[in-house]
Amino acid sequence: MRLLLSAAFGVSLCLASPAVAQDPVADRAVAAAKEYVKTKGLKDPKLTILLSSLYNNSFPDFAKKWEELTGVKFEIVPLGYTDIPAKIMQESVSKTGVYDIFNDFPYTMPDAAGAKVIIPLDDLAKKHQPDFTGIADGLKYQQYYDDKLLVMINDGDHLLLVLRKDLMENSAANAEYKAKHGKDLGCPDTVAEWAQQAAFFQTKEGDTRWGIKFERGLSGGLGYRSVNFSYRHFPLYMKGLLFDKDMKPRITTPDGIQAIKDFAAAVEYMPKDIQGWGTPQIYPYWGSGLAYSAVSFPSIFGFGESNPNSVVKGKQLACLIPGRMVDGKLVRRSPQAAGTGYMVSAYSKNPELAYLFIQWLTSPSIGDDAVAHPKGFWDPFRLSNLTHKGILDRFGADMVKTTIENTKYAASLLLIEGNYEYFKVLDNNLADVMNKNISAEEAAKRIEAGWNKITNEIGREHQIQIWRKGVESGIYLDKF
Amino acid sequence: MAAEAARKRKLRRRRLLRAGRHAILLGWTCVIIFPVFWMISTSFKDAGEWVTWPPHWLPHQPTLLNYAQIFAFGTLDPTLSRQATEQAFTIWKGLGDATLVCTTASLLALLLGTFLAYAISRFRVGGKYFRHTILMIRMIPPIVVAISILIYYAIIIPYATTALLGVRISMFDTYVGLVLIYTVTTLPFVIWMMLSFIDEVPYTLEHAARLMGAGRIEVIRRIVLPLVASGMVVTFLFVFILNWAEFLLALTLTHPQVTTLTVLLNKFQSASEGRLYGPQAAIGTVVTIPVVVLGLLIQKHLVKGFSFGTIRK
Amino acid sequence: MTEANTTLPIPTLNANSRPAGGLVRWLASERVFRLIPFLLVEGLFVLTILVPFALTIWISLLKWRANRPFETARFAGFENYEAVLTTDQFWLALARTFYFAGMAVALELSIGFVLAMLVSKCTQSRRLYTTIFLVPMMIVPIVVGYNFSMIYIDSGPLNQILAPFMEAFGVDPRIRWLSHPIAAQWAIIIADIWQWTSLTFLIFLSGFAALPRHLVNAARVMGASPWQTFWWIELPLLKPAIVIAVIIRSMEALKLFDPVVLLTFGGPGTSTQTVAYFLWEQVWVFNKFSFGAAASIVLLIIFSILIFFAIYMLIGYRRRVEESAP
């Protein structure tokens, strides 16, 4: 079935290309690429991409299409996404020039920019005019760092809340919940409400509630709590920015400490060893119907709908990310937890050609086709996705609508140099709190100390400048 | 009568002791076999059985899917692929690279090491305690070596070649680079082991041959080498096993152009990519069996070699 | 000394062997010939070990992390060393490494000793037990790590075996060993013990095998009890083996890295971070090259002190054994 789908998709891509490519952005890129090859007299033009291995089964289709349109071949070097940041930094040191394009999360971009292993694309963008309309600010300005365009994204990996519609609409459950908490079940507005619902639905193995026997129990909620993932979910609980105007960590404020406490308390209604779970554990668990809710990458919805072993097909409800009450107003923040970005290597022999491919891939038409690809991991993020048939078919109209609505609240994680180090400090201490080794206050103190150390090492003045620019541009949505 | 009873008591006591002894030894045998058994058992389990509670000691539905996956060519076709997140983790590249690198490095080390061991044994090259100090190389923590070599391969050598030859050559993530460092780190072992073998060949034989007019190379080739040939095989296998199992240097200095089996196994371990226990177990089994077989072949020499000469004399 | 082959090929000077030319004769002369391999190997070591070390020292004197191009790295003197020596995590990791090594080696020695003693007393099954007990040593360490990671999961066989005891105390048997700091540490120590007891076993086995029987028999004849024979005769004779085992295993155990990467990634938080893992993380995850270089030099100095001590003991014991031999 999968094979048929992707074959059909590949065919449709080929067939549709001459007719559908009314997209001037993509056309410009193709034409300019052909021009470039001609003027430079390149005999056998080739681009090499360091590709995240997640896209092994989807990217080659687009590489092939590009080759058909422009004659430029592609060499794909897949690498696990945990290895790519190191590889990019090593490239900055060894300068082999093997890669033209780097495919990675946008979060590697600051260090790469500092190491000058990627080039600013502003001039090329001015020349070839990409199109960023329809992309929410939080995502659009993630492509910039220090006022330069450095990465182009094609993915909305902002966190989404998915609920079990069948359980939520169960009248007996509803009645009990209303009696207990005075509200109806539904998409929770705040994180506290979500926690409440999750605690309510937490069921032990073998118990029967509302006429349903939960053989293997029911987890109230799912979220990522492992090292290398906690930091992506932490902003949900943090009111406001992580640093103040002078790069002083706000983690030791009462808000910060409360955020740590809430974050750690959530494991009460998650599977017992959630701290060791990654996507390959969380997704199948959700797909087996063992949890009531999940905050995760949007692709979990697609997984629930299309995975052959999934029993939650048709029972999912996508909700906006729950927020926090700040000064009496509801403030939602959906961390852009990952994302797919494309950068041009500073040691590429054909940087303009590499840029043109990226412009083509992230253009409104091709980019949307990518999101619609059944085996890809590009998630909806552009307004035009609301009317793209392939995307609606793949994700379902409701989900697409909610995701696009959610992009209004998409906020970037720390986009400064050394960010992976900052994240590690946060993760390690959160893990300690979740294991009840240290208190939240102690963790906050340690995080503050660790972060200050990193800031001082990289250069406080420099970091303050970059931080202020970032906040100004609106990628974190919050302002000082 | 009393003597008879005493002897019976002694006999029973002896039997009890022997039973106790075997009980302890069998206990340890179980401890040893258990993880290996678990790995082999898991390699035949399908995804549903990897993390069940209570765990399945033997697969309830044995499958060859894991082995099919790791021995597949190219990307997985849909029948073999379990989820959208699964990648094509086949063993071929890891196997090929590991075999190439380990064989070359071991042969190179064997060649150079035997040569030097001969010189040390016959000519006392390097002084009386050379054979001990050369083992010092082995005692440097490999992470220190890795950091130095990373800087060397990835920065200095490219700078040097750019300056001198105008061409940028990086040794980072290359076959030559890894083979070189493997050779250097296993040379001490080769020298140490070949020394013990060459020491056993009496110099009088060579002396006699030299007196009869044979050249140096001929003497080595015709007299010494045949006598230490089995020793060379043992040394080669020992060093091969060491290189095969090596992880830190391969992890830090190579990938993805060069990927050894140990690094490939680690790819299954990345906490965010998740634990694909089945294919990992299959690769583990495939990696382990030949090495264990080889190791058992040279077992006798290991026993002798690890006496380090202090006992023999 | 083993007996040489009875049929020796005696080379003779015949028409096939040409008289050597001048250069070849110089190379074949005693002085030069013995230096060729020496120079080759030493040259290799210099190029591949000494030069990189010199460079590492140079890098450690610069201020450089990968998010700045190498060209902008400036001279920083001992700043990095200061940073390393004041980084708590480094010292904690070092202390932890010593702790792991200490525990692991102590247990490996004890278990290996007992096993060797028992096996050496066996007559028929000695070969069989030796063969089986050597297997863990030959398994690729990364596979060992992986095996244990499977056994330690909360729905793993270890918990299943311990379940009756746990349930008796009212504790939920599905323990996440690797998520608990102390348990994770012991998980790594146990994995190390499982694999390397084979080595201590091997060393002690040779030791036991080489015990001079006549001394033991003489003691028995003179009425010594088995315990007395053991304590006063066998144990002292085994001292060299014990020393060797301690030195070799300690040196290796201090480099602990593979199981940490495999099992815990430094553990819940940093509770299983060994010093090798710490260094690896600094350079390969955070790209702090000059910090990592400084840390590796510091580590090298610490290890050198230990190595010198070890070599001294090794040579000392060797000399003592040589002197005491009849």
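As the structure is a prediction and not an experimental result, all values here were calculated from the model.

### A closer look at the overall build of chain B
Check the secondary structure of chain B and you find 12 helices and 0 strands. Ordered by position in the sequence, the α and β elements of chain B form the string α-α-α-α-α-α-α-α-α-α-α-α. Expressed as a percentage of its 313 residues, the buried residues of chain B come to 58%. Contacts spanning at least 24 positions in sequence make up 64% of the contacts within chain B whose residues lie at least 6 apart.

### Side note on the environment of A:V331
Residues and elements named next belong to chain A. Looking at where V331 falls in the secondary structure, it is placed in strand 13 (residues 329–331). As a C-alpha pair, V331 and G240 span 91 residues in sequence and 9.4 Å in three-dimensional space. Not counting chain neighbours up to four residues away, the residues in contact with V331 comprise G323, R324 and V326.

### A look at the packing of aromatic side chains
Residues and elements named next belong to chain A. By the definition in use, this model includes 56 aromatic pairs over all chains. Between Y422 and W451, the aromatic rings sit 6.2 Å apart at their centres with planes inclined by 70°, giving edge-to-face as the arrangement. Placement of Y422 in helix 19 (residues 419–434) and of W451 in helix 20 (residues 440–458) is noted, with a sequence separation of 29 residues between them. W451 carries the same exposure label as Y422, and that label is buried. Here the basic side chain of R209 rests over the ring of F200, its NZ or CZ set 5.4 Å away from the ring centre.

### Some points on the sheet that holds strand 10 (residues 293–296) of chain A
All names here are of chain A. Spatial strand order, 10-7-11: 3 strands in an open sheet with antiparallel pairing. The open sheet has two free edges, formed respectively by strand 10 and strand 11 (316–319), since each of these has just one partner strand. The mean angle between the axes of side-by-side strands here comes to 25°, regardless of whether they run parallel or antiparallel. Strand direction decides the pairing type here: strand 7 (residues 160–164) and strand 11, joined by 4 bridges, are antiparallel. Looking across to strand 11, one finds that L163 is bridged to L317. The strands touched by helix 14 (residues 299–306) within the sheet are strand 7, strand 10 and strand 11, with strand 11 carrying the most contacts at an inclination of about 170°.

### Overview of the interface of chain B and chain C
A common way to report how large an interface is uses the accessible area buried once the components associate. Listed as interface residues are 103 residues of chain B and, on the opposing side, 113 residues of chain C. Surface buried jointly by chain B and chain C totals about 10200 Å² across both partners, of which 79% is contributed by carbon and sulfur atoms. Ranking the residues of chain B by area buried against chain C places B:W28, B:W53 and B:M139 at the top, with a combined share of 8%. The tally of links from chain B across to chain C stands at 0 salt bridges. Summed over the shared surface of chain B and chain C, the result is 7 residue pairs in polar contact (both at pLDDT 80 or more). Taken together, the residues that form the side of chain B that touches chain C break down as 75 nonpolar, 20 polar and 8 charged.

### Remarks on the interface of chain A and chain C
Across the boundary between the two partners, chain A contributes 27 residues, which contact 24 residues of chain C. Buried surface at the junction of chain A and chain C, both sides included, amounts to about 2200 Å², of which 43% is carbon and sulfur. Area buried by chain A at its contact with chain C is led by A:K272, A:E421 and A:E457, which between them contribute 23% of it. The interface formed by chain A and chain C holds 3 salt bridges in total. Of the charged contacts in the structure, one is a salt bridge between A:K424 and C:E281, with a shortest N-O distance of 2.5 Å. Applying the counting rule to chain A against chain C returns 4 residue pairs in polar contact (both at pLDDT 80 or more). Listing elements by their share of the side of chain A that touches chain C, those giving two or more residues are helix 4 (84–94), helix 5 (109–114), helix 19 and helix 20 of chain A.

### Topic: the sheet that holds strand 1 (residues 46–52) of chain A
All names here are of chain A. Pairing within the open sheet is mixed, and its 5 strands lie in the order 2-1-3-15-6. The open sheet has two free edges, formed respectively by strand 2 (73–79) and strand 6 (152–153), since each of these has just one partner strand. Of the pairings in the sheet, the one linking strand 3 (residues 101–104) to strand 15 (residues 341–344) comprises 4 bridges and is antiparallel in character. When the sheet's bridge partners are listed, N103 is paired in strand 15 with Y342. Sheet strands in contact with helix 4 are strand 1, strand 2, strand 3 and strand 15, and its direction is about 150° off that of strand 3.

### Let's talk about the environment of C:E42
Residue and element names in this part refer to chain C. Here E42 is to be found in helix 3 (residues 35–60). What makes E42 partly exposed here is its relative accessible area of 25%. Residues E42 and Y146, spaced 104 residues apart in sequence, show a C-alpha to C-alpha distance of 38 Å.

### Regarding the nonpolar core
Judged by nonpolar contacts, the single largest core of 202 residues is most densely connected at B:I143, B:I181, B:W244, C:F133 and C:F257. Here this core gets 16 residues from one element, more than from any other, and that element is helix 14 (residues 289–324) of chain C. Taken domain by domain, this core gets at least three of its residues from each of domain 1 (18–80) and domain 2 (81–324) of chain C. The residues touching B:I143, leaving out its near neighbours within four places in the chain, are B:L248, C:A276, C:L279, C:W280, C:W284 and C:L299. Grouped together as the second largest cluster of nonpolar side chains are 158 residues, A:V117, A:F297, A:F377 and A:L430 included.

### A word on the side chain of B:S121
With respect to the secondary-structure elements, B:S121 resides in helix 3 (residues 92–123). A distance of 3.3 Å separates polar atoms of two side chains, one belonging to B:S121 and the other to B:R122.

### Some points on the state of the cysteines
Residue and element names in this part refer to chain A. Following the criterion strictly, the structure yields 1 disulfide over all chains and no others. Here C187 pairs with C319 through a disulfide, and the sulfurs are 1.9 Å apart. A torsion of -75° about the S-S bond marks the disulfide between C187 and C319 as left-handed. Note that C187 is positioned in the loop between helix 9 (171–181) and helix 10 (191–201) and C319 in strand 11, a separation of 132 residues in sequence. Residue C187 is classed as partly exposed on the basis of its relative accessible area, which comes to 36%.

### Thoughts on a positive patch on the surface
A grouping of B:K10, B:R13, B:R14, C:K121, C:R213 and C:R220 is seen on the molecular surface, where their side chains present a positively charged patch. Put simply, the parts of the chain that give the positive patch at least two residues each are helix 1 (2–43) of chain B together with helix 10 (213–221) of chain C. Looking at the positive patch, the element that brings in the most residues is helix 1 of chain B, giving 3 residues. By secondary structure assignment, the location of B:R14 is in helix 1.

### Structural notes on the domain arrangement of chain C
Residue and element names in this part refer to chain C. Splitting chain C by domain gives domain 1 (18–80) and domain 2 (81–324). Computed over C-alpha atoms, the centres of domain 1 and domain 2 are 33 Å apart. Counting residues at the interface gives 14 residues for domain 1 and 15 residues for domain 2. Between domain 1 and domain 2, a total of about 1100 Å² is buried, with carbon and sulfur atoms accounting for 65% of that surface. On the surface where domain 1 and domain 2 come into contact, there are 0 salt bridges. At the boundary of domain 1 with domain 2, the tally comes to 12 residue pairs in polar contact (both at pLDDT 80 or more). Elements represented by at least two residues in the side of domain 1 that touches domain 2 include exactly helix 3, strand 1 (62–63) and helix 4 (79–86). Counting residues per element, the side of domain 1 that touches domain 2 draws most heavily on helix 3, at 5 residues. Across the side of domain 1 that touches domain 2, the residue classes break down as 8 nonpolar, 3 polar and 3 charged.

### Regarding unusual backbone geometry
Residue and element names in this part refer to chain A. The residue D146 is not glycine, and still its phi comes out positive at about 55°. Structurally, D146 can be placed in the loop between strand 4 (144–145) and strand 5 (148–149). A residue is classified by how much of its surface remains accessible, and D146, at 25% relative accessible area, is partly exposed. Residue D147 is not a glycine yet carries a positive backbone phi of 65°. Of the residues examined, D147 reaches a relative accessible area of 59% and is grouped as exposed.

Each value, and the rule that gives it
Residues numbered from 1 in each chain as written. Chains lettered and ligands numbered in written order. Predicted model: local features only at pLDDT ≥ 70, side-chain atom pairs only at ≥ 80, totals over all residues. Heavy atoms only, no water. Helix = DSSP H or I, 4+ residues; strand = E, 2+ residues; numbered from the N terminus. Buried < 20%, exposed > 50% of the residue type's maximum accessible area, 1.4 Å probe, protein only. Contact = heavy atoms within 4.5 Å. Phe/Tyr/Trp six-rings, centres within 6.5 Å; stacked < 30°, edge-to-face > 60°. Lys NZ or Arg CZ within 6 Å of the ring centre and 35° of its normal. Pairing = 2+ DSSP bridges. Axes fitted to C-alpha atoms, helices over the stretch in contact; angles between N-to-C directions. Buried area = accessible area lost by both parts, 1.4 Å probe. Salt bridge = Lys/Arg side-chain N within 4 Å of Asp/Glu carboxyl O. Polar contact = N/O pair within 3.5 Å; in protein donor to acceptor, adjacent residues only side chain to side chain. Nonpolar A, V, L, I, M, F, W, Y, C, P; charged D, E, K, R; others polar. Core = buried A, V, L, I, M, F, W, Y, C linked by side-chain atoms within 4.5 Å. Domains from an automatic or database assignment. Disulfide = S-S within 2.5 Å. Patch = residues over 30% accessible without salt bridge, like charges linked within 9 Å, V, L, I, M, F, W, Y side chains within 5 Å. Areas by Shrake-Rupley, 256 points an atom, 1.4 Å probe, with all protein chains shown as cover. Lys, Arg positive; Asp, Glu negative; His and termini not counted. Charge placed at Lys NZ, Arg CZ, Asp CG, Glu CD.

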